[in-house]
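Residue-level structure breakdown
Residue strings, one per chain:
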Amino acid sequence: MNARRFDGRTAVVTGAASGIGAAIAAALIAEGADVVGLDIDAAGLGKKAAELGDAFVPVVADVTAEDQIEAGIATAASRFGRLDAAFNVAGGSRIGAITDLAVEDWDFTVDLVQKSVFLCTKHEARLMRDSGNGGAIVNISSLDGRIPMPGGSAYATGKAGVVMFSKNAALELAPHRIRVNSVLPGLVDTPLVAAIMGYDPAKQMFLDRIPLGAAAAPEQVAGPCLFLASDDASYITGTELVVDGGWEVSNFPNLAKLAG
Ligand SMILES: NC(=O)c1ccc[n+]([C@@H]2O[C@H](COP(=O)([O-])OP(=O)(O)OC[C@H]3O[C@@H](n4cnc5c(N)ncnc54)[C@H](O)[C@@H]3O)[C@@H](O)[C@H]2O)c1
């Protein structure tokens, strides 16, 4: 067991009201951190604050709006005077065929999954730099950043951009001892994919592609994210970690089924 790798440390988590972000916030607090949780969902944040107690500081903020991000990160500075780790998790999408997709829906998705990661990294890194203690940033991409999805051009493009942005940030921020990595989850059982998980034929089509045979629980993504932000990963920067139950490697036809 990894005891308390984040004792005395402060973290920012975006998308902290639900799913993967909420699991990261809970895991950080269990390992000793204070967490500033940003989300646009005030009611969801309120519920998490009641569950997680004083170590969780909720801040209602839209991660596509720079002034709101800046104010949220300033909360970490004023409450704790430092920032050691940041997890840029908030996301979502509007899907649609390229031939029909409205530019507003493209912008909504790319702004939410990609511009938000730039803006959050910008302000998180400033505070880490000014604190002088180094730091670690983990950006949530998606397996869709590598594998295209029908109707998901904006989401997949935005998520691929998160991987490259994280590499660029790793390069630029290394002189300040700030590490930056990305995580690419496959199917994770959260409200974001409730329509898939709640409809057996659709769920089965996904599970048929996942060698480990199940969607991830949010905690199974939170664990690798905490690893990348911890001192256990102190020499890891500019890389990406796929957390997908083997989905990415399962696309070769399984000819053994012919024999069965
Ligand atoms: N669930 C999956 O299968 C899966 C797979 C790969 C990647 N991801 C990514 O993981 C991340 C977390 O997704 P999740 O599955 O936990 O979904 P979720 O819907 O449970 O949580 C997303 C959170 O982001 C918040 N959010 C949305 N728009 C926001 C905004 N503009 N400003 C601030 N907060 C906002 C929501 O209120 C919500 O609390 C997303 O970036 C998503 O793209 C999810």
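In case you missed it, the structure is sitting above this.
Notes on the structure in this doc start here. (Residues numbered from 1 in each chain as written. Predicted model: local features only at pLDDT ≥ 70, side-chain atom pairs only at ≥ 80, totals over all residues. Heavy atoms only, no water.)

1. Digging into the overall build of the chain
Let me state the cut-off plainly: For the purposes of this entry, the term helix denotes a DSSP run of H or I that reaches at least four residues, the term strand denotes a run of E that reaches at least two, and both are numbered from the N terminus. The quantity called the radius of gyration is restricted to C-alpha atoms. Its globule counterpart is 2.2 Å times the number of residues to the power 0.38. Residue burial considers only the protein chains on display, and all accessible areas are found by Shrake-Rupley using a 1.4 Å probe. As used throughout, the charge tally considers Lys and Arg to be positive and Asp and Glu to be negative, leaving His and the chain termini uncounted. Each charge is placed at NZ for Lys, CZ for Arg, CG for Asp and CD for Glu.
The helix and strand inventory of the chain stands at nine helices and seven strands. Taken over C-alpha atoms, the radius of gyration comes to 18 Å for the chain, in line with the 18 Å a tight globule of 260 residues would show. Projected onto its principal axes, the C-alpha positions of the chain cover 60 × 45 × 40 Å. Surface summary for the chain: the accessible area is close to 12400 Å², and the carbon and sulfur share equals 56%. Of the side chains in the chain, 20 bear a positive and 30 a negative charge, and the two mean positions are spaced by 4 Å.

2. A closer look at the state of the cysteines
To keep it simple, the criterion reads: By convention in this document, the label disulfide applies to cysteine sulfur atom pairs within 2.5 Å. Three exposure classes are used, based on accessible area relative to the maximum for each residue type with a 1.4 Å probe and protein chains only: buried under 20%, partly exposed in between, and exposed over 50%.
Per the counting criterion, the structure on display carries zero disulfides. Cys225 provides the cysteine sulfur closest to Cys120, a residue in no disulfide bond, and the two sulfurs are 15 Å apart. Using a relative accessible area of 1% as the deciding quantity, one classes Cys120 as buried.

3. Brief notes about the layout of surface pockets
How we decide: Cavity means a closed set of points on a 1 Å grid over the protein atoms alone, one where a 1.4 Å probe fits but cannot get out, pocket means an open set with protein on both sides within 12 Å along at least 5 of 7 lines, and lining means a residue has an atom within 4 Å of a point. Grid points are joined across faces, edges and corners, and a volume is the space filled by probe spheres set on the points.
The space that makes up the largest pocket amounts to roughly 1400 Å³. Looking at the largest pocket, it is lined by 49 residues, and the ones nearest its centre are Gly92, Ser93, Tyr155, Leu192 and Val193. Broken down by secondary-structure element, the contributors of at least two residues to the lining of the largest pocket are helix H1 (19-30), helix H4 (103-131), helix H5 (153-173), helix H6 (194-197) and helix H7 (200-207).

4. Side note on the packing of aromatic side chains
The condition is simple: Planes of paired rings set the category: under 30 degrees apart is stacked, over 60 is edge-to-face and the rest tilted, where pairs are Phe, Tyr or Trp rings (Trp by its six-membered ring) whose centres lie within 6.5 Å.
Overall, the coordinates contain two aromatic pairs when judged by the stated rule. Between Phe206 and Trp247, the ring centres sit 5.7 Å apart and the planes meet at 85 degrees, which makes this aromatic pair edge-to-face. Taken together, the residues Phe206 in helix H7 and Trp247 in the loop between strand S7 (240-243) and helix H9 (256-259) connect sequence positions 41 residues apart. Residue Phe206 is classed as partly exposed on the basis of its relative accessible area, which comes to 26%.

5. Some remarks on the packing of H1 against helix H8 (residues 218-229)
Counted only if it meets this: What counts as an axis is a line fitted to C-alpha atoms, over the stretch in contact for a helix, and the angles between N-to-C directions run from 0 to 180 degrees. An angle below 35 degrees is read as roughly parallel, one above 145 as roughly antiparallel, one from 65 to 115 as roughly perpendicular, and any other as oblique. What makes a crossing left-handed is the near helix being turned counterclockwise from the far one by less than a right angle; a clockwise turn instead makes it right-handed. By definition in these notes, contact holds between two residues if any of their heavy atoms fall within 4.5 Å. Three residue categories are used. Nonpolar comprises Ala, Val, Leu, Ile, Met, Phe, Trp, Tyr, Cys and Pro, charged comprises Asp, Glu, Lys and Arg, and polar comprises the others, including Gly.
Running from N to C, H1 and H8 cross one another at 55 degrees; their axes reach a closest spacing of 8 Å. With respect to H8, the element H1 is oriented oblique. The two elements H1 and H8 meet at a crossing, and its hand is right-handed. Only Pro218, Glu219, Val221, Ala222, Cys225 and Leu226 of H8 make contact with H1, whose side of the interface consists of Gly19, Ile20, Ala23, Ile24, Ala27 and Leu28. Here the residues of the contact of H1 with H8 are counted per class, giving 10 nonpolar, one polar and one charged.

6. Some thoughts on H1
As a reminder, the rule being used: Here a helix's expected span is defined as the number of its residues, less one, multiplied by 1.5 Å.
For H1, with 12 residues, the first-to-last C-alpha span of 17 Å sits near the 16 Å given by 1.5 Å per residue. Extensive coverage of H1 is indicated by the burial of nine of its 12 residues.

7. Section: unusual backbone geometry
One non-glycine residue, Arg177, lies in positive phi territory at about 60 degrees. Locating Arg177 in the fold gives a position in the loop between H5 and strand S6 (178-185). Arg177 gets classed as exposed once you look at its relative accessible area, which sits at 53%.

8. Observations concerning the sheet that holds strand S2 (residues 34-39)
Using the following cut-off: Paired strands, in this sense, are two strands between which DSSP finds at least two bridges.
What the seven strands build is an open sheet, ordered S3-S2-S1-S4-S5-S6-S7; its pairing is parallel. Of all the strands in the sheet, the pair left with one neighbour each is strand S3 (56-60) and S7. Geometrically, the sheet is characterised by an average inter-axis angle of 15 degrees between neighbouring strands, direction not taken into account. In this sheet, strand S5 (residues 135-140) lies alongside strand S4 (residues 85-88) in parallel orientation, the contact comprising four bridges. For Asn88, the partnering residue across the bridge sits in S5 and is Asn139. Running over the sheet, H5 touches S5, S6 and S7 and is turned about 165 degrees from S6. Across the sheet, H8 lies against S4, S5, S6 and S7, angled at about 160 degrees from S6, the strand it touches most.

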